[in-house]
Amino acid sequence: MFKKNVTIIFFLFIFSSAKTQISLFVAGNGNDNNNGSLQKPLKTIQGAFAYAQKSGDKNVIIEVRGGKYEFEKPVLITSDEFKNASLVIRAYKKEKVVFSGARQVHLEWKPFKEGILKALFNGQQIPDRLYFNGSSLPMARYPDFDPSARVFNGTAADAISDERISKWKNPAGGYIHALHNGEWGDFHYRITSKSADGKLIYEGGWQNNRPAPMHKNYRFVENIFEELDKPGEWYYDAASKAIYLYPPEGSDIKKAKIEIGQSAGIITIKGGVDQPVKNISIRNIEFTQTDRTFMLTREPLLRSDWAIYRGGSVLLDGTENISISDCIFHELGGNAIFLSNYNKNDTITRNHIYNIGASAIAFVGNASAVRSPSFRYEEFVPWNKMDYTPGPQSNNYTQYCVAENNLIHSIGQIEKQVAGVQIEMASHINVVHNTIYNTPRAGINIGDGCWGGHVIAYNDVFNTVLETGDHGSFNSWGRDRYWRPERSIVDSIVAAKPGIELLDIIDPNIMHNNRFQCDHGWDIDLDDGSSNYRIYNNVCLSGGLKLREGYHRIVYNNIIINNTFHPHVWFKNSGDKFIRNIVTSPYVPILMDSWGTSIDSNFFLLPNALEEARAIHLDKNGSAGDAEFVDEKKGDYRLKASSPALKTGFTNFEMDFGVTDHGLKALAAKPPINPLLTTINKGNSHEVEWLGARLKNIETLGERSAAGLPDSKGALIINIQKGSVAFRNKLNRGNVVIKLGDESIENTSALLQAYQRIKWMGEAECIIVRNQAELKIQIVFKD
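Each chain carries its own residue numbering, running from 1 in the direction its sequence is written. With the structure being a predicted model, the display of local features is reserved for residues of pLDDT at least 70 and the display and counting of side-chain atom pairs for 80 or more, all residues being used for whole-chain, interface and lining totals. Only hydrogens and water are removed before side-chain values are computed, so all heavy atoms of the structure are retained for them.

K.L.:
What should I look at first to understand the overall build of the chain in this one?
P.N.:
In this text, helices come from DSSP runs of H or I with a minimum length of four residues, and strands from runs of E with a minimum of two, each type numbered from the N-terminal end. A tally of regular secondary structure across the chain gives 9 helices and 65 strands. When contacts within the chain are restricted to residue pairs at least 6 apart in sequence, long-range pairs at least 24 apart make up 67% of them. In short, Shrake-Rupley with a 1.4 Å probe defines the accessible areas, and a residue's cover is counted only from the protein chains shown. As displayed, the chain offers around 30,600 Å² of accessible surface, 49% of which is attributable to carbon and sulfur atoms. All tallies of charge rest on Lys and Arg as positive and Asp and Glu as negative; His and the ends of each chain are not included. Where a charge lies is defined by one atom per residue type: Lys uses NZ, Arg uses CZ, Asp uses CG and Glu uses CD. In the chain, which carries 87 positive and 87 negative side-chain charges, the distance between the mean positions of the two groups comes to 3 Å. Residue contacts are defined here by distance: any two heavy atoms, one from each residue, within 4.5 Å place the two residues in contact.

Structure follows, in C-alpha cells:
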C-alpha cells in the first residue's frame, strides 16, 4: 500500500499541470542580468528564482551547471513570492553541483610562534567552521581530537578543572561540550568570561529537556587559545578578529584552499497552513559546509527528552508536495533536512546523508496543534483542566510525508540527542527502506504519541546508541496527556476515564519488516507511555525488545536473536500482547505487577527460557528448541519448512532490509551477524569474544588448578585486545569470570546470556578469580 501511495503522489506532482514549461540555466560564470538560457546563464539560485517568478503560473526547471556555489545565507522561497505551477532545481545532466554554506577566503598568514600562523579575518560574523583543502578542522580543544575515542572524539574529567582553567588567560568565546549526567543526550555552553577568582562563567545547557548536571567524565572544551597545541587545530580571537592556525602536518599554507563557514542553512521554503508553498523538487544537488547550530538547539519538544533547532541545510515549513531526491548531504554543522510545522505529502528519497552535526531528517509539528500540552517530563495539565477532545486542535503539523530509500550514517558528530529520522507532533509519516547506522543515539525516534499513523518498515538500523545510554536503535516516548511518572495514578485515571490513553495517539504506529541492532541498549525501545503500536515481522539482532509502561501494544511474529523480551513496569489492563515471537533467552521483567492481555505461544531457542516463562505463568502454549533457520551465520533467519517454530503460528516474512537503490546499496555497510548463543558451546572448546577479550570454557584439570577453581565453572580469559573495553576495565589474561550482575557464570554461553540481559544498564558488578582469589570489580560496558 505504501509504494502505491508514493507513486500516486509522484504522478500527481509531475503531471497535474499541463501548463507551459520553461528552463532556466545557472552557471558560476553567468550573470543575473542574463536571460537564463544555456548560452547566457544566470549566476545564482537567488537570481534564477527571481527570474522564474516573472514567468508566472508555469512549470519552471532551474538547471544548475557543475561547480560550487557559496551561500552567505539561505535562499528563501516564500508563498508570497512563489507564483510558478511547479519548480524543479536540479543539476544539469547530473553534473556535480555543490551548494556550500562556506566561502573561500584569501588570508594573509604570518608566523606567530612554534609553527602557529596568524591572519586577520574581518567577516561579518564569528567564524564557526574552518575548512582546509575541503576538510573541516577542529577548533583548539582539550582533550585533543581523537578519531578513535567513543564520545565527542575525546573527553576528559579535568576539562574544566580549576587547575586547567588557571592556564587560560581569556577563555571567553570558548565552548564546553558534555554528555547529560545520565547519558541521555548532551549539553553545550558558551564561555562568556572568567571571574576574578578564576571560575568560568558560561551560558547554555538548554539543549536537553531533562535538566541534569554535566557528565563528570564525558566533557571537553574548544576554542581555547592555550589549547592550540596540535597540528590541524585553529582558534578565533573575537577581540582582535584574528584566526590562529596550526596547519596540518605536511601541508603548504601557500597552496591551501581555506574556507570559512558563513551560513547554517542553504535553502528555506516557507509557507503556511493557509498558503503553503507547493510542487517544488530539488534533485541531484550536494549540500555541504554549513555552520554548527548546537547553541540554537533550545526549543523543548513537549515532554520528550529533546530540545530542537528548527533549521537545517534544507528547511521546509508550510509546504505541500515537495520532493528532495538523489542529493548528498555531508560535512554539515547541524541538521540535514528539517520539516517544521505544517507540511503535507512531502517526499525525501534516495539521498545520502553522512558526517553531519545533528539529525538527518526531522518531521516536527507545532505545539500549538497539541491539546493540553506540557513541556517537561515532570509537568502535566491537571485532570480538571484538561481538554478531552481526541486528536490535534489545528492542522499545523507535518503529515502524510515520506522518508524512503535514504542512506544515513555518521550523524550527531557534535549534538548527541539526534536521530537518523526524528518524528514529533506529526502524523502518518512513512519511514521505509532506509539504512541508518553509526549514530550516537537512536536511529529512528518518535518523541510522543501525537498523532500516530506512522509506518516504520523495511529499514536496516544498526550501530546505534554509540555515545549515549539507556536508549534503542528505535526509541519512542508517549508522555502524552494521560501520562504521569507515577504508575498508580495512571492506573486510576485510565480506569476512571477509559480511552484517555488514546486521546493523542489516535492511529496506531506500525513497525514491520525492519532489522534493528543495538549493542549499547535495546534494539526496539518503547519507553515511557508509548502506546498503540503494532510491531511484527522485525528482526532484533542484539539488544532485544523493551516495552515500558503503555497501552495497546501488539507484538507478534518477530525474531529476537541472542536476547529477549524486556517488559518494564506495565500498567494494569494495558491490553498488551506478546505472542508468536521467536526469542533466544529468558524474559527480563522489571517491576511487573500486571502482564497485559496475552504473553503466549512464543518459541524459545534456549530451553531454560521456556521453563522460566512458565514458572511465572506465561507461555502456556510456548515451545522451545532449534528454530531451524535457513542460514543464521549469514543472517538469514527464515525458517525451514521443518521448523518446529512454525507450529506456534509463526510465519516466515520478507527480509529485504534497507536501501534498495543500487548506488546507495553498494555504499551501505551491513550490521554484524554474531553466532547464536545456542551454538556457542557446541564443541566444548568453542571460543567467544566479549568486550574485546577472548574467552573459553574451563576444560582441563590444569586450567582449574592454575586458576584455583573448585570446579569447572566459569569463563576463562585467554587473550585481551589492547585498548578494548575489557582492557580498560583492567581484566587480565588468565582471569576467570564467575559472576556478572546477579548471575553465576558456568560457561561462556552463560556469560553472554547474562551480558545480553543487563548490557543496557551500561555497567555491572563482576566477580572474577585472579591469582586464585575472588575479586569484585565494576565492569563498564562501553569505552
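K.L.:
Help me understand the state of the cysteines, please; the structure alone is not making it clear to me.
P.N.:
Any cysteine sulfur atom paired with another within 2.5 Å is treated as part of a disulfide. In the structure shown here, the tally under the stated rule is 0 disulfides. Residue Cys450 stays outside any disulfide, its sulfur separated by 17 Å from that of Cys401, the closest cysteine. On the accessibility criterion, Cys450 (3% relative accessible area) is buried. Cysteine Cys518 remains unbridged, with the sulfur of Cys540 as its closest cysteine sulfur at 11 Å. Judged by its relative accessible area of 0%, Cys518 is buried. For the exposure calls, accessible area comes from a 1.4 Å probe over protein chains only, and a residue counts as buried if that area is under 20% of its type's maximum, exposed if over 50%, partly exposed in between.

K.L.:
Looking at this structure, how should I read the sheet that holds strand E19 (residues 258-261)?
P.N.:
Strand pairing in a sheet relies on backbone hydrogen bonds, with the paired strands running either antiparallel or parallel. With antiparallel pairing, 4 strands are arranged side by side in an open sheet as E7-E19-E10-E11. The open sheet is flanked by strand E7 (102-105) and strand E11 (135-137), the only strands paired with a single partner. Taking each pair of neighbouring strands and ignoring which way they run, the sheet shows an average axis angle of 35°. Pairing between strands requires that DSSP locate at least two bridges from one strand to the other. Here the axes come from fitting lines to C-alpha atoms, over the contacting stretch only for helices, and the angles between their N-to-C directions go from 0 to 180 degrees.

K.L.:
In this structure, what is going on with the nonpolar core? I would like to understand it.
P.N.:
One recurring pattern in soluble globular proteins is that nonpolar side chains are buried together. Counting residues in each nonpolar core, the largest one holds 85 residues, and the members touching the most others are Phe99, Phe287, Phe329 and Phe474. Think of a nonpolar core as a cluster: buried Ala, Val, Leu, Ile, Met, Phe, Trp, Tyr and Cys residues, connected wherever their side-chain atoms sit within 4.5 Å. Within the second largest apolar cluster, 26 residues are counted, among which are Leu695, Leu751, Tyr755 and Cys766.

K.L.:
What is the right way to read the environment of Leu117 from this model?
P.N.:
Here Leu117 shows up in strand E9 (residues 116-120). The exposure class assigned to Leu117 is buried, which follows from its relative accessible area of 14%. With 94 residues separating them along the chain, Leu117 and Pro211 place their C-alpha atoms 40 Å apart. The residues touching Leu117, leaving out its near neighbours within four places in the chain, are Trp109, Lys110, Pro111, Phe112, Ile243, Tyr244, Leu245, Pro247 and Ile253.

K.L.:
Would you take a moment to explain helix H2 (residues 45-53) for this structure?
P.N.:
Three- or four-residue spacings in an α-helix give side chains the same orientation, since the helix completes a turn every 3.6 residues. Among all positions in H2, only Ile45, Gly47, Ala48, Phe49, Ala52 and Gln53 are buried. Where H2 is buried, its residues touch strand E1 (21-26), strand E2 (59-64), strand E4 (75-78), strand E5 (86-91) and strand E6 (97-100).

K.L.:
Got a minute to help me understand the sheet that holds strand E15 (residues 200-204) in this structure?
P.N.:
Reading across from one edge, E12-E16-E13-E14-E15 is the order of the 5 strands in this open sheet, with antiparallel pairing throughout. Of all strands in the sheet, those bounded by a partner on one side alone are strand E12 (141-142) and E15. Pairing of strand E13 (residues 175-180) with strand E16 (residues 214-222), which is carried by 5 bridges, proceeds in the antiparallel orientation. Considered in E16, the bridge of His177 is made with Phe220.

K.L.:
It is not clear to me how the pairing of E5 should be interpreted in this structure. Could you clarify?
P.N.:
Remember that side chains alternate between the two faces of the sheet whenever the strand is regular. Most of E5 is tucked away, with 5 of its 6 residues classed as buried. Pairing analysis gives 4 bridges linking E5 to strand E21 (residues 277-283), with the strands arranged parallel. In the strand pairing of E21, Ile89 is matched with Ile282.

K.L.:
Can you walk me through the pairing of E2 in this structure?
P.N.:
Across the 6 residues of E2, 6 count as buried, placing the element largely inside the fold. By the alternation rule, side chains of E2 split into Asn59, Ile61 and Glu63 and Val60, Ile62 and Val64, which are all buried. Both E1 and E2 contribute to a ladder of 6 bridges, which runs parallel. Looking at E2, one finds that Val26 is bridged to Val64. Between the parallel pair E1 and E2, the chain is carried across by H2, and the sense of this crossover is right-handed. Pairing between E2 and E5: 6 bridges, direction parallel. Paired with Glu63 across the bridge in E5 is Arg90. When the strands point away from the viewer, a crossover counts as right-handed if the path from the first strand over the helix to the second runs clockwise.

K.L.:
Please clarify how the packing of aromatic side chains should be interpreted in this entry.
P.N.:
Two numbers describe a pair of aromatic rings. These are the distance of the centres and the angle of the planes. Stacked, edge-to-face and tilted are the three classes for Phe, Tyr and Trp ring pairs, Trp counted by its six-membered ring, which pair at centre distances within 6.5 Å; planes under 30 degrees apart are stacked, over 60 edge-to-face, the rest tilted. Throughout the structure, instances matching the rule amount to 35 aromatic pairs. On the basis of an interplanar angle of 75° and a centroid distance of 5.6 Å, the ring pair of Phe25 and Tyr92 is categorised as edge-to-face. Here Phe25 is found in strand E1, whereas its partner Tyr92 is found in the loop between E5 and E6, with 67 residues between them in sequence. Tyr92 carries the same exposure label as Phe25, and that label is buried. Ring geometry for Tyr69 against Phe99: centres 6.0 Å apart, planes inclined by 80°, an arrangement best described as edge-to-face. In this pair, Tyr69 is assigned in strand E3 (residues 67-70) and Phe99 in strand E6, connecting sequence segments 30 residues apart. The pair Tyr69 / Phe99 is uniform in exposure class, with both members buried. Within the aromatic cluster, the residues linked to one another by ring pairs are Phe565, Trp570, Phe578, Tyr587, Trp595 and Phe604. In our convention, an over-ring charge means Lys NZ or Arg CZ found within 6 Å of a ring centre and within 35 degrees of that ring's normal. The ring of Trp483 has Arg479 sitting right over it, with the charged end atom 5.9 Å from the ring centre.

Functional significance is not addressed by these values, which are geometric in nature.
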